[in-house]
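As a plain string of letters, each chain reads:
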Amino acid sequence: MRRIGVLTSGGDSSGMNAAIRSVVRTAVARGVRVYGFLRGYEGVIEGNLKELTRRDVSGIINLGGTIIKTARSKRFFSKPGRKQAYRTLKDNKIEGLIVIGGDGSFRGADIFCREFKFPIIGVPATIDNDIVGTDLTLGADTAVNVVLDAIDKIRDTATSLERIFVVEVMGRGCGYIALESALGGGCEEAIIPERKYNINKICTSIVEGNLKGKISWIIVVAEGAAKAQDIAEEIKKRTSLETRVTVLGHIQRGGRPSCRDRILAARFGNYATELLLGRKKAKAVGIQADKLVALKFKKATDNKKWLNTDSYLRLIKILT
Ligand code: ADP
């Protein structure tokens, strides 16, 4: 291959820039030119691309977001849209593509690869860590650290004011951010989509703790499990204790990538590029027990991610 493309697609996450840098520098070292498509699949459909040289990716390893922008593309869902994208690739003599994104982006990549026999390698990047076949996705570790930082600050006010804080974190169908930050932050409860929560039990343990002199609680709720506002109102109604709500929102997507995410980005970007240049098609890279792996796209998107849910929840309970 002489020319390859790279794009970031779907929800942004920290570490995308570090992955772009790794892709560009790996390919350029092998004499291959790299073109960045702007705004995900939209850029491929529109022919919106620019060459990325070694210099273009200097000073971005520590930046959140993505220098080539990301987007959701309605047109890529349709066959005519994908045909137009294929035409762009052919016209620009792009021989393979690296797609940095989440499960939706991988679904699109899989369909495109099969329709046009076009080589694509996927790099899993989503703060939700909901992609199967990889222990970690790019951005999840940074997001957890952002939440942890917020929880530490909330704890200061929770203990001073003697209150119950309900903190809503991201994670549509996946409780990864909530579980990690609740255990790491020393919180009292984690409410996650993978397990039914029992508001009665939660309130009973609050009342019992309160009788023993416990004065503050932090309850972490994954957005895919419940609304923090509803949980807070229910607790107040049943216990008559003051509750406060914090919805962390988009701050979880941003910020400087953690060291772990930068290293993951370096390894994923390098491995994905090597696979693409080695003429591998339609694979998603991942990491399992510190070993880089390549999986079929379908395997990465069609199953439910396994988390160490029960042992985390048990520990959270034991340690509060
Ligand atoms: P993420 O990759 O973060 O999960 P999305 O689910 O929004 O984000 O997917 C990103 C983009 O991938 C979509 O806007 C669309 O262009 C493309 N895509 C997702 N699913 C499909 C699909 N089934 N067919 C074609 N393209 C898809």
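All values reported here derive from a predicted model rather than from experimental measurement.

A. Here's a closer look at the environment of E194. If you trace the backbone, E194 turns up in the loop between β7 (189-191) and α7 (199-211). Sequence separation of E194 and D310 is 116 residues, and the distance between their C-alpha atoms is 9.8 Å. Excluding residues within four positions of it along the chain, E194 makes contact with G173, C174, G175, L307 and T309. Separated by 2.9 Å, the side chain of E194 and the backbone nitrogen of G175 make a polar contact.

B. Spotlight on the site of the ligand. The immediate surroundings of the ligand are formed by 16 residues, with R72, S73, D103, G104 and S105 found nearest. Between S73 and the ligand, the recorded distance is 2.7 Å, taken from a backbone N or O atom to an oxygen atom. Class assignment of the residues belonging to the shell around the ligand gives a composition of 4 nonpolar, 8 polar and 4 charged.

C. Structural context of helix α1 (residues 16-29). If you check α1, its first and last C-alpha atoms are 20 Å apart, about what 14 residues at 1.5 Å a residue would give, namely 20 Å. α1 sits mainly inside the fold: 10 of its 14 residues count as buried. Within the sequence span of α1, burial applies to M16, N17, A18, A19, I20, S22, V23, V24, T26 and A27. Where the residues of α1 are buried, they touch β1 (3-9), β2 (33-37), β3 (49-52), β4 (96-101) and α9 (259-277). Just beyond α1, the residue with positive phi is G31, at close to 80°.

D. Structural context of the domain arrangement of the protein chain. We note that the domain assignment places domain 1 (3-139 + 257-302) and domain 2 (141-253) within the protein chain. Taking the mean C-alpha position of each, domain 1 and domain 2 sit 34 Å from one another. Contact with domain 1, which involves 15 residues of that partner, is made by 12 residues of domain 2. At the boundary of domain 1 with domain 2, total buried surface from both sides reaches about 1200 Å², with 44% on carbon and sulfur atoms. When residues of domain 1 are sorted by the area they lose upon contact with domain 2, D12, I127 and D128 head the list and together hold 44% of the total. Scanning the region where domain 1 abuts domain 2 turns up 4 salt bridges. A salt bridge links D141 to R260; the shortest N-O distance between them is 3.7 Å. Our count for the contact surface shared by domain 1 and domain 2 stands at 8 residue pairs in polar contact (both at pLDDT 80 or more).

E. Here's a closer look at the sheet that holds β7. The strand order β7-β8-β6-β9 describes an open sheet built from 4 strands, whose pairing is parallel. Across the chains shown, the open sheet's two edge strands, defined by having one partner strand only, are β7 and β9 (243-247). Here the strands of the sheet are splayed against their neighbours by 20° on average, with no regard to which way each runs. Summarising the sheet, strand β6 (residues 164-169) and β9 pair through 5 bridges and their orientation is parallel. Across the sheet, the residue bridging to I164 is T243, located in β9. Lying over the sheet, α7 contacts β6, β7 and β8 (217-222), oriented at roughly 165° with respect to β8.

The rules we used
Residues numbered from 1 in each chain as written. Predicted model: local features only at pLDDT ≥ 70, side-chain atom pairs only at ≥ 80, totals over all residues. Heavy atoms only, no water. Helix = DSSP H or I, 4+ residues; strand = E, 2+ residues; numbered from the N terminus. Contact = heavy atoms within 4.5 Å. Polar contact = N/O pair within 3.5 Å; in protein donor to acceptor, adjacent residues only side chain to side chain. Near = heavy atom within 4 Å. Nonpolar A, V, L, I, M, F, W, Y, C, P; charged D, E, K, R; others polar. Expected span 1.5 Å × (residues − 1). Buried < 20%, exposed > 50% of the residue type's maximum accessible area, 1.4 Å probe, protein only. Domains from an automatic or database assignment. Buried area = accessible area lost by both parts, 1.4 Å probe. Salt bridge = Lys/Arg side-chain N within 4 Å of Asp/Glu carboxyl O. Pairing = 2+ DSSP bridges. Axes fitted to C-alpha atoms, helices over the stretch in contact; angles between N-to-C directions.

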